[in-house]
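# Examination of the molecular architecture
Read off the chains here:
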Amino acid sequence: MAGRINDDDVRTVRDAVPIDTVVSEYLQLRPAGGGNLKGLCPFHDEKSPSFHVSTAKGLFHCFGCQEGGDTLAFLMKVDHLTFSEAVERLAAQAGITLRYEEGGYGRASQQGERTRLIEAHKAAVLYYAEQLDSPEAEAGRRFLAERGFDQGAARHFDVGYAPAGWDHLTRFLRGRGFTDKELVLSGLSQEGRRGPIDRFRGRLMWPIRDISGEVVGFGARRLREDDNGPKYLNTPETPIYRKSQVLYGIDLAKRDIAKEGRAVVVEGYTDVMACHLAGVTTAIATSGTAFGEGHIKILRRILMDNSRTEVIFTFDGDAAGQKAALRAFEDDQKFAARTSIAISPGGMDPCDLRLAKGDTAVQELIDSRSRLFEFALRSVVDEHDLDSAEGRSAALEAAAPIVAQLKDPSLQHEYAVRLAGLLGILDTQFVVRRIGQIAKWKREGGGRQQRPRPGQAGEGPGGRAPAPAPGPAPGRHGPSLHLRSPAHLVERELLKLALQCPALVAPTFDAYGADEFTAEPYAVVRGLIEAAGGTEAADADYLDRVRDAAPDDTVRKLITELAVESPRNPGSGAPDEAYAGEQLVAVRLAAVRARVAELEGSARRLDAQGRAAESAAVWQELWVLEQYATALRARGASAL
């Protein structure tokens, strides 16, 4: 049984290290008045600082969760230490040798579990670092050199090498007094058939430290071809290592993160090294897991949840990198800090970029960042065909929930307008209302009720969303139920003239494309007329040729209907050239208007994306079409 630490030593240790020195290892502190300091509480989530530290009294208290006490109580709570372990931690920091009531001075066998596991990792760091200079570690040194890291860089980050034998580290740590149970519990060793063996063998080693600077685990990179393990192998979950709660490099970066108000999240150990050596000393990385809530809590405590601070994510430009960025965006609203993303040209990570283009390129990569929110929005929008109405509608439905999750109403409105520009939807207010509807649904517990559909009350003019253009049912080419609606009346009238009085509309009609008919069944009939030789080739068998070319009975019935239905000539006589000209102009003008709206949407999307040269060409085409529309309205059929 471990001996009790001498009471006088406990008091000496408690007074030896100022409480603000200890607390500032875990969170950023700022003046709170009266000689006190304050910061974001590490024991509960909060937006404004309620965690206060009195340096004069050596005490802390959180007015939010009511946690409080002295330096030892803080360490016990924040790192889940026993009382003895907290005393031992401070004693080691202050260089004080402890006395135990049952005799002796700080014997290893009397130290707490966490302290013992930390000490084992410290010894392992030194062992691995020495092994990096051995002949066997040539592959490791070559790996580092090929990525632009010299011996000085390896020493700065304590990079080491694990020998390929079965139990080199295990035997070394046994010689330092550590038991087999402690070695297995630490994750440095694992059970073999004849006792503990090394967990890491023949690999390059990176020590992983917690925010206080203690080594709690390792990341190991495969070097040998006969190593069948994963490329990167990390310490398993242990009493001191939880991968969801550690950030590689945080011990080196935390002071500059607090000073600059900026953290750069990269994907790997070599990326952290490259960034720091390139002057981006706020770089950190997760250890073999996705960036999650535990990592967010660490950064929030350092950044003080200040809206002027920033978290920058760097991901590869490939599909996996984009997916990782979108996962990171899901936690965006948990930060008060701005979140941004930096993707280098060619998708190179910071390590590759530094090697190819130097330190300046890494700094420029970080400086070229864009808002993570905008990246997430564009990534979703880019998955859809924005040149079609259906694609724009699908993109809106995919992107609207992203904007709807913004909690700031003014930001939500601004990005709703921006989304309308990205999609090329001219009715900006429709997009704003749609996002507002989804945001309200989310606030009211959206998971418990069906998500509102476009077109429900409040979505568009008269309380309805604009109805999509009617078309045939899937798998058929027959007429829609809405073919006699006013929207398609002119197209219907022109097709009747083309079938009944082809000479009146020839040869102008034959120059009309099927895309000038907005109802798909009418476009099908237009195509069949072209297949029959067009109106200019009409003869006694013309109508039969059109009917015979019909793909099914439904279309054939439509052709018959159009061939016998009387034209809507306002006069009492037969249709004349003037009436035919009016229909030709009306159909062409409607097609021009549709094309103008499409181009305007495209131009707005290009403007929103900053593609000025492409946008200018579209605006020029738009101007030409608008001039043509003006001529059609002014001169009628003579302008066709």
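Everything below is about the structure printed above this text.
Described in the following lines is the structure provided in the data block. All values reported here derive from a predicted model rather than from experimental measurement. (Residues numbered from 1 in each chain as written. Predicted model: local features only at pLDDT ≥ 70, side-chain atom pairs only at ≥ 80, totals over all residues. Heavy atoms only, no water.)

### A closer look at the overall build of the chain
For clarity, the threshold we go by: Only DSSP runs of H or I with at least four residues qualify as helices, and only runs of E with at least two residues qualify as strands; both kinds are numbered from the N terminus onward. Three labels apply to residues, based on accessible area from a 1.4 Å probe with only protein chains included: buried if under 20% of the type maximum, exposed if over 50%, partly exposed otherwise in between. Contacts are residue-level and defined by heavy atoms, with any inter-residue pair within 4.5 Å sufficient. Here the open area of atoms and residues is found with the Shrake-Rupley method and a 1.4 Å probe, where only the protein chains shown may cover a residue.
Along its length, the chain carries 26 helices and 16 strands. For the chain, buried positions account for 47% of its 640 residues. In the chain, the proportion of contacts linking residues at least 24 apart, taken out of those at least 6 apart, comes to 64%. Accessible surface, the chain: about 30200 Å² in total, of which carbon and sulfur atoms supply 50%.

### Quick look at the packing of helix α4 (residues 83–94) against helix α5 (residues 113–131)
So the rule is basically this: Angles here are taken between N-to-C directions and fall from 0 to 180 degrees, while the axes themselves are lines fitted to C-alpha atoms, restricted in helices to the stretch in contact. By definition in this entry, angles of less than 35 degrees are roughly parallel, angles greater than 145 are roughly antiparallel, angles of 65 to 115 are roughly perpendicular, and the rest are oblique. The residue classification treats Ala, Val, Leu, Ile, Met, Phe, Trp, Tyr, Cys and Pro as nonpolar and Asp, Glu, Lys and Arg as charged. All others, Gly included, are polar.
Between α4 and α5, the least distance of the axes is 8 Å, while the angle of their chain directions is 40°. Considering their axes alone, α4 and α5 lie oblique with respect to each other. Here α4 contributes E85, E88 and R89 to the contact with α5, which in turn contributes E113, R114 and T115. Residue composition of the contact of α4 with α5, by class: no nonpolar, one polar and five charged.

### Let's talk about the pairing of strand β10 (residues 215–222)
Two faces make up the sheet, and in a regular strand the side chains alternate between them. Let me state the cut-off plainly: Two strands pair under a simple rule: DSSP has to find at least two bridges between them.
Buried residues dominate β10, accounting for seven of its eight residues. Pairing geometry for strand β9 (residues 203–209) and β10, over seven bridges, is antiparallel. Its bridge partner lying in β10, R203 is registered against R222. Between β9 and β10, which pair antiparallel one after the other, the connecting turn spans five residues, and G213 there sits at a positive phi close to 100°. As paired strands, β10 and strand β11 (residues 232–234) are joined by three bridges and run antiparallel to one another. By the bridge assignment, A220 is partnered in β11 with L233.

### Here's the deal with empty space enclosed by the protein
Quick note on the threshold: Within this scheme a cavity is a closed region of a 1 Å grid, computed over the protein atoms alone, that accommodates a 1.4 Å probe without allowing it to escape, whereas a pocket is open but has protein on both sides within 12 Å along at least five of seven lines; lining residues each have an atom within 4 Å of a point. Grid points are joined across faces, edges and corners, and a volume is the space filled by probe spheres set on the points.
This model, assessed by the stated rule, comprises one cavity of 30 Å³ or more. Computed from the structure, the largest cavity encloses a volume of approximately 50 Å³. Forming the walls of the largest cavity are eleven residues, and the residues nearest its centre are T314, F315, M348, D349 and P350. Classifying every residue of the lining of the largest cavity by side-chain character gives six nonpolar, two polar and three charged.

### Some details on helix α11 (residues 269–277)
Burial runs high along α11: eight of the nine residues are buried. By the burial criterion, the buried members of α11 are Y269, T270, D271, V272, M273, A274, C275 and H276.

### Focus on the packing of aromatic side chains
Note the threshold: Each pair of aromatic rings taken from Phe, Tyr and Trp, with Trp reduced to its six-membered ring, is defined by centres within 6.5 Å and is described as stacked if the planes are under 30 degrees apart, edge-to-face if over 60, and tilted in the remaining cases.
Here the structure, examined in full by the defined rule, presents 19 aromatic pairs. Geometrically, the ring pair formed by F43 and F60 is tilted, given 6.2 Å between the ring centres and 50° between the ring planes. Residue F43 is located in the loop between β2 (36–39) and β3 (51–54), and its partner F60 is located in strand β4 (residues 59–62); the two are separated by 17 residues in the primary sequence. A relative accessible area of 4% means that F60 is categorised as buried. Aromatic ring contacts, followed pair by pair, group Y26, F43, F51, F60 and F74 into a single cluster.

### A short note on the packing of helix α20 (residues 489–500) against helix α22 (residues 520–531)
Think of two packed helices as two axes; the pair is described by the angle between the axes and how far apart they sit. Condition: Note on convention: the crossing is left-handed when the near helix lies turned anticlockwise from the far helix by less than a right angle, right-handed when the turn is clockwise.
In contact at an axis separation of 11 Å, α20 and α22 are set at 20° when each is read in the N-to-C sense. Considering the angle they form, α20 stands roughly parallel to α22. Between α20 and α22 lies a crossing of left-handed hand. Note on element contacts: α22 touches α20 through Y522, V525, R526 and I529, opposite E491, R492, L495, A498 and L499. Of the residues in the contact of α20 with α22, the class split is six nonpolar, no polar and three charged.

### Some details on the sheet that holds strand β1 (residues 30–33)
In any sheet, the strands associate via hydrogen bonds between backbone groups, in a parallel or an antiparallel arrangement. With respect to topology, five strands assemble into an open sheet ordered β1-β2-β3-β4-β5, the strand pairing being antiparallel. Two strands in the sheet have a free side with no partner beyond their single neighbour: β1 and β5 (68–70). Mean inter-strand twist for the sheet, computed between neighbouring axes without regard to direction, equals 30°. For β3 and β4, the ladder comprises four bridges, and the chain directions are antiparallel. Bridge pairing in β4 links H52 to H61. Sheet strands in contact with helix α3 (residues 71–78) are β3, β4 and β5, and its direction is about 120° off that of β5.

Function-wise, these values are silent; they only describe arrangement.
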